[in-house]
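Residue-level structure breakdown
Here is what each chain is made of, one letter per residue.
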Amino acid sequence: MKLILLGAPGAGKGTQAERLCKTLEIPTISTGNILRAAIKNGTPTGLKAKSFMDAGKLVPDEVIIGIITERLAEEDCRNGYILDGVPRTIAQAEAMEQAGIVFDAVVSIEIADEAIMERMSGRRVCESCGASYHLVAVPPKQEGVCDSCGGRLVQRKDDAPETVKNRLEVYHKETEPLKAFYKERGLLKPVENQKGVEDTTQAILRALGR
Ligand code: AP5
C-alpha cells in the first residue's frame, strides 16, 4: 500500500499516519518531522528550512523533492509507505510522478478551518521524540510528560494562532489543488474528520476497503 495523507495543518495526518502504519505494517514518512529533526541537528537542510517553517510558509520544492526521493529509495519502503504532509504542491506531485513514484490511494482528511483553529491551541508535542498529544482529545498520562519517552511536552512554534492562519491560507492556495490532481487520476478518497481519533482511523480504513 502506497498511501498519501492529505489535509489541512492540524487535520490529524500525523496522528492517523502513526496509527495506520501499525495496522498496515508500512513506514510513515513525514516531511514535517524530517525537517524538524534537521533543524534540531543544525544540518544545512535544517538551516534552509527553519525560517520558512517558523513563518508558516512552505519549504522550497527542490529541498522537499530531494528529501523525499532519497527517503523512498530506502529498504524499508519496498513494500509501501504512508506519506504524511507530502506532496504539498502540484510541482512536488509532478516531480514524484516523473520519478516513477506511484500511489494506490490519496486520503484527504476533511475538516473545517474553524475546527483547526480551536484544535491547534490544544496540541502539545514531545520535544525529544516528536510524539503528538492534545490536551483534551489525546491527553498524556502525566501532564506535560511524553508517554513514550518521558520527554517534555511543548507547544510547536508554528501553532501560534497567527501562524496557523498563514498555514491555512497556504494550504488552500498551494495544497488543496492536489485534490483535483489526484481525483483526475482516480486516487482521491475524501474522509470526513470524526470527533474521535479512533473513529477517524476506522473511516479511513473503510475508505481503503480494509
Ligand atoms: P507538518 O509538520 O507536516 O505540519 P502540517 O501539515 O501543518 O500538519 P500538522 O503536523 O500541523 O498537523 P497534522 O495534520 O499532522 O495533525 P496532528 O495529527 O498533529 O509541516 C510543518 C511545516 O514544515 C510546514 O508548515 C512547512 O513549512 C514544512 N513542510 C513540511 N512538509 C512540506 C512539504 N511537503 N513542502 C513544503 N514544506 C513542507 O493533529 C493535530 C492535533 O489534533 C493534535 O493535537 C491531535 O492530537 C489532535 N487530533 C487529531 N485528530 C483528532 C480527532 N479526530 N479529534 C480530536 N483531536 C484530534
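An account of the accompanying structure is given in this report. (Residues numbered from 1 in each chain as written. Predicted model: local features only at pLDDT ≥ 70, side-chain atom pairs only at ≥ 80, totals over all residues. Heavy atoms only, no water.)

1. A word on the sheet that holds strand S8 (residues 188–192)
- One open sheet holds the five strands; their spatial order is S2-S3-S1-S4-S8, and the pairing between them is parallel. Every interior strand has two partners, whereas the edge strands, strand S2 (28–30) and S8, have only one. With strand direction ignored, the average angle separating the axes of adjacent strands in the sheet is 20°.
- Where strand S1 (residues 2–7) and strand S4 (residues 105–110) come together, five bridges link them in parallel fashion. Looking across to S4, one finds that Gly7 is bridged to Ile109. (Pairing = 2+ DSSP bridges. Helix = DSSP H or I, 4+ residues; strand = E, 2+ residues; numbered from the N terminus. Axes fitted to C-alpha atoms, helices over the stretch in contact; angles between N-to-C directions.)

2. Comments concerning the site of the ligand
- Inspection of the region around the ligand gives 38 residues, with Thr15, Lys57, Arg88, Arg123 and Arg167 positioned closest.
- Backbone polar atom of Gly12 to an oxygen atom of the ligand: 3.0 Å apart, as the coordinates give it.
- Backbone polar atom of Gly196 to a nitrogen atom of the ligand: 3.5 Å apart, as the coordinates give it.
- For the ligand, whose accessible area on its own is 1000 Å², the fraction buried by protein is 96%.
- Looking at the shell around the ligand, the elements that each hand over two or more residues are helix H1 (13–24), helix H2 (31–40), helix H6 (113–120), strand S6 (132–134) and helix H9 (197–207).
- The residue makeup of the shell around the ligand, split by class, is 14 nonpolar, 14 polar and 10 charged. (Near = heavy atom within 4 Å. Polar contact = N/O pair within 3.5 Å; in protein donor to acceptor, adjacent residues only side chain to side chain. Areas by Shrake-Rupley, 256 points an atom, 1.4 Å probe, with all protein chains shown as cover. Nonpolar A, V, L, I, M, F, W, Y, C, P; charged D, E, K, R; others polar.)

3. Comments concerning the nonpolar core
- Of all hydrophobic cores here, the largest spans 26 residues; its most connected members are Leu72, Tyr81, Leu83, Phe103 and Tyr182.
- When contributions to this core are tallied by element, the ones reaching two or more residues are S1, helix H3 (44–54), helix H4 (61–72), strand S3 (81–84), helix H5 (90–98) and helix H8 (177–184).
- The element contributing the most residues to this core is H4, with five residues.
- If we ignore the near neighbours within four places in the chain, the residues touching Leu72 are Ile29, Cys77, Tyr81, Leu83 and Ile101.
- Formed by 24 residues, the second largest nonpolar core is a distinct cluster that contains Ala11, Ala105, Val107 and Met120. (Core = buried A, V, L, I, M, F, W, Y, C linked by side-chain atoms within 4.5 Å. Buried < 20%, exposed > 50% of the residue type's maximum accessible area, 1.4 Å probe, protein only. Contact = heavy atoms within 4.5 Å.)

4. Observations regarding the pattern of salt bridges
- Enumeration over the complete set of coordinates arrives at 17 salt bridges.
- A salt bridge links Glu74 to Arg71; the shortest N-O distance between them is 3.3 Å. (Salt bridge = Lys/Arg side-chain N within 4 Å of Asp/Glu carboxyl O.)

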